[in-house]
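Coordinate inspection notes
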Amino acid sequence: MKLKWWMGLFAAILLSSMGTLYADVTTEAVEAAQRSINAGDPEQAISLLAPWIKKNPKDANALLVRSTARFVLGRFDAGIQDLEKALQLDPTLRQAWLNRAAVDLANHDYERALVAFGNAERLAPDEPDNALNIGAVHLLKGDLAAATTRFRSYLKKNPRSASAYYLVASNYGMVGQVALATQALDYAIQLDEKVRRRARVDPNFSDVARDPRFRELLETDRYRIPSGALRVDRKFNAGFTGPDGRLLDAVIRSLELTSEPFDQQVEVAEEWALVWAESFRIKVSREDLAVSRVELTAAPGSHRPEVWKRKSEELFRQITVQLFGMTDKTPATPKEPG
């Protein structure tokens with residue numbers, strides 16, 4: 001199993017505790033220490049907790065916060081000692097059981113991790129992460145049926161969540177279950193196409209990334225333009241050559257010049273790229289070796305006709321200007337849709 005995945009999971013569970021107050025009533029010292037961890041200063045958190053824990057050695061909340069700080073600093077033995085003591089003093093601390101399970105997973109002790117996650121589930125049976133966590137451990141144990149049962153329970157509680165389907169897909173991908181990973185990821189993309197971009201760089205999919213079914217899913221843009229949506233496109237005399245190509249660079253520069261807010265994370269496939277601006281979706285795609293198409297779409301009713309016309313024409317004009325500035329040859333003029 002990939003250690004880097006376990007460290008990632010461990011960090012994720014620790015981060016889920018950062019910002020969480022562990023009891024209805026917390027001391028000022030514990031709250032200040034938690035704020036220090038949130039601010040990226042675990043050393044300060046330990047310093048703040050030292051005098052309080054010295055006077056109150058049985059404060060389970062304080063020990064749990066200090067264990068988190070020590071884990072963040074890489075002091076795992078000391079962190080585990082604090083964590084174990086916190087659980088002995090107060091076994092109702094759900095976050096402590098989650099952290100304990102993360103430690104067990106990092107040590108490949110799946111049976112103990114199941115016990116820890118089970119205790120967390122009993123303390124808060126309605127929390128949706130229970131089924132996901134326990135399903136992941138069953139997967140690692142090699143019990144696909146038990147894992148799938150848990151994942152179905154998790155998805156039943158989150159039927160319209162792209163993130164939920166993505167997490168299930170990521171877990172299946174981690175153990176090389178191509179068909180199940182692809183199926184879950186496909187549904188996640190239908191709910192939110194941006195998760196496809198995330199999947200391209202997720203190490204959990206490294207074992208399934210070369211499978212034709214998975215590759216086809218990543219390389220296919222299945223977006224369907226809603227009825228009544230606004231749409232316009234132009235062809236440009238510039239080939240689509242991926243993330244470092246002239247045309248995609250021109251599109252990004254043009255968005256900056258027109259002061260159109262946009263998502264800095266661009267999705268790039270072999271034949272197309274997507275940029276999500278605040279006002280519209282932009283697709284850059286290859287027509288042939290020398291020509292590409294830039295398509296703008298926006299939600300129905302999102303712009304008045306005159307505003308849509310002005311914004312789209314200004315963006316196309318800027319793209320032309322940017323392309324001209326990148327070459328000493330004849331400017332790459334836009335073509336009419338065709």
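This one's a predicted model, so the numbers in the text were calculated from it and none came from an experiment.

The number of helices and strands found in the protein chain is 15 helices and six strands. Every one of the 338 residues in the protein chain was classed for burial, and the buried ones make up 50%. Of the contacts made within the protein chain by residues no fewer than 6 positions apart, 59% connect residues no fewer than 24 positions apart. Put simply, the protein chain shows about 17,000 Å² of open surface, and 51% of that area lies on carbon and sulfur atoms.

Now for the environment of Ala102. Relative to the elements of secondary structure, Ala102 occurs in helix 6 (residues 94-106). It is 9.2 Å that separates the C-alpha atoms of Ala102 and Phe117, two residues lying 15 residues apart in sequence.

With a phi angle near 60 degrees, His108 is a residue other than glycine that sits in the positive phi range. Assessed through its relative accessible area of 38%, His108 is described here as partly exposed. Here the phi dihedral of Ser259 falls at roughly 60 degrees; this positive angle occurs in a residue that is not glycine. Turning to its location among the elements, Ser259 is positioned in the loop between helix 14 (246-257) and strand 2 (267-268).

Calculation notes
- Residues numbered from 1 in each chain as written.
- Predicted model: local features only at pLDDT ≥ 70, side-chain atom pairs only at ≥ 80, totals over all residues.
- Heavy atoms only, no water.
- Helix = DSSP H or I, 4+ residues; strand = E, 2+ residues; numbered from the N terminus.
- Buried < 20%, exposed > 50% of the residue type's maximum accessible area, 1.4 Å probe, protein only.
- Contact = heavy atoms within 4.5 Å.
- Areas by Shrake-Rupley, 256 points an atom, 1.4 Å probe, with all protein chains shown as cover.

Don't take any of this as a statement about function, it's just geometry.
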